[in-house]
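Structural overview
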Amino acid sequence: MSGSAENRPTLLVTGAGGALAQQVIQRLRADYRIVAVDFREEVWLGPDVASYRVDFQKRGFEDLFRRYRFDGVVHLGRIMSSQGTRMSRYNANVLGTDRLLSLSDRYGVRRVIVLSTYHVYGANAFNPALIDESYPLKSAGLSMDLVDSVELENLATIYLWRNPDLNITILRPCNIVGPGVRNTISNLLASHNAPVMAGFSPMMQFIHSEDMARAIETAYRQPHTGIFNVAPQDWVDYRDALEACGCRPIPVPSIPPMLPRTLLRALNMRRFPPYLMDFFKYPVIIDGRQFAQRFQFEPERRLETIFRYYRELRYQS
């Protein structure tokens with residue numbers, strides 16, 4: 001579908017400062033006129049990509065909709081649960097997403113992808129062995145620090161059903177890892193020592209960032225709306241994953257609640273947010289078969305490829 005910039009559909013991609021967004025842009029830039037935005041920084045992505053630093057709540061953001069008349073939006077600009085304060089995450093993830101979707105509806109956007117997270121399901125001992133898209137979102141009742149993630153998705157779901165012309169697809173991926181990714185689990189896999197809750201080592205799923213970028217591209221190009229888990233059909237024990245990456249597990253007592261936090265601070269392991277601790281105690285395995293079947297998608301990079309990257313990264317440091 002390549003052609004001149006004037007003839008190509010115009011696509012807004014948020015979160016342009018992140019590695020995942022940049023991989024998505026790389027995959028779409030030949031067929032779409034890309035406008036990249038990030039509220040943290042203006043990112044140079046080449047002369048063919050217009051890039052802006054914008055606050056979704058400011059007037060300048062609506063000016064972009066007036067100027068470019070976007071055909072589609074890929075919303076990857078969610079602040080992760082390990083970043084910022086509760087209020088800053090709520091403002092960006094919930095209020096910012098509301099403004100984005102409202103403007104998309106007002107200015108006739110015809111396709112929207114929203115990146116969510118498997119964290120919305122919550123981690124507890126009573127989760128089923130395999131969680132599909134119909135399972136309730138329990139994180140909001142387990143931790144106030146994950147409320148914004150659940151509310152972001154609830155908001156997107158309201159627009160999905162109330163504004164069908166937006167053709168919204170919501171993606172709930174498992175742990176995204178790989179080059180450039182700076183989330184909690186990626187930082188742990190890349191570290192020399194990482195905490196494990198004593199007596200716990202849950203099964204986990206991982207998807208390489210390049211596979212996730214391809215999943216987003218595939219979802220955008222196909223007209224299937226709805227909510228989809230995105231995950232491979234294999235999983236691995238957390239402790240085994242650390243060891244496969246060349247990382248040494250450090251057992252940390254899980255009770256009383258304040259003790260692991262104190263020990264983690266003493267060990268200088270501040271990249272292990274207290275409100276994500278349950279995800280390192282209880283398995284949260286999501287069923288990605290619906291996305292795989294509907295979009296004919298299968299991850300190309302297996303666990304050994306992912307772990308080898310982190311082993312080699314450690315040798316280079």
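You'll find the structure just up there.
Within any chain, residue numbers begin from 1 and follow the written order of that chain's sequence. Where local features are concerned, this predicted model is filtered to residues with pLDDT of at least 70; where side-chain atom pairs are given and counted, the filter is 80 or more; whole-chain, interface and lining totals use all residues. The basis for every side-chain value is the complete set of non-hydrogen atoms in the structure, without hydrogens or water.

Brief notes about the overall build of the protein chain
Put simply, DSSP H or I for four residues or longer makes a helix, DSSP E for two residues or longer makes a strand, and each gets a number counted from the N terminus. For the protein chain, the helix and strand inventory stands at 11 helices and 13 strands. Think of it in three bands: with a 1.4 Å probe and only protein chains considered, a residue is buried below 20% of the maximum accessible area for its type, exposed above 50%, and partly exposed in between. Buried positions account for 56% of the 317 residues belonging to the protein chain. To measure how exposed things are, a 1.4 Å probe is used in the Shrake-Rupley method; for residues, cover is taken only from the protein chains shown. A total of about 14,100 Å² of accessible surface is found on the protein chain, and carbon and sulfur atoms cover 51% of it.

Focus on the environment of Val252
Its location among the elements puts Val252 in strand β13 (residues 248-252). For the pair Val252 and Val196, spaced 56 residues apart in the sequence, the C-alpha separation amounts to 5.9 Å.

Examining the sheet that holds strand β5 (residues 111-115)
Only strands that DSSP links by at least two bridges are regarded as paired with each other. Spatial ordering of the open sheet is given by β3-β2-β1-β4-β5-β6-β11, a layout of seven strands whose pairing is parallel. This sheet does not close on itself; its edge strands, each paired only once, are β3 (50-53) and β11 (226-230). With strand direction ignored, the average angle separating the axes of adjacent strands in the sheet is 15°. Direction of pairing for strand β6 (residues 168-173) relative to β11: parallel, over a ladder of five bridges. What sits directly across from Pro173, in β11, is Val230. Note on definitions: a residue-residue contact is assigned when non-hydrogen atoms from the two residues lie within 4.5 Å. Think of each axis as a best-fit line through the C-alpha atoms, taken over the contacting stretch in the case of a helix, with angles from 0 to 180 degrees between the N-to-C directions. Its contacts with the sheet put helix α1 (residues 19-28) on β1 (10-14), β2 (33-38), β4 (72-75) and β5, and the angle it makes with β1 is roughly 165°.

Quick word on the packing of α1 against helix α7 (residues 209-221)
For any two helices packed against each other, the geometry comes down to the angle between their axes and how far apart the axes lie. At a minimum axis distance of 9 Å, the contact between α1 and α7 shows a crossing angle of 50°. Put simply, α1 runs oblique to α7. For α1 against α7, the interelement crossing comes out right-handed. Where α1 approaches α7, its residues Leu20, Gln23, Val24, Arg27 and Leu28 are matched on the opposing element by Ser209, Glu210, Met212, Ala213, Arg214, Ile216, Glu217 and Arg221. In the contact of α1 with α7, the residues fall into six nonpolar, two polar and five charged. Convention used here: angles under 35 degrees read as roughly parallel, angles over 145 as roughly antiparallel, angles from 65 to 115 as roughly perpendicular, and any remaining angle as oblique. By convention the crossing between two helices is left-handed if the near helix lies anticlockwise of the far one by an angle smaller than a right angle, and right-handed if it lies clockwise. Note on residue classes: Ala, Val, Leu, Ile, Met, Phe, Trp, Tyr, Cys and Pro are nonpolar, Asp, Glu, Lys and Arg are charged, and everything else, Gly too, is polar.

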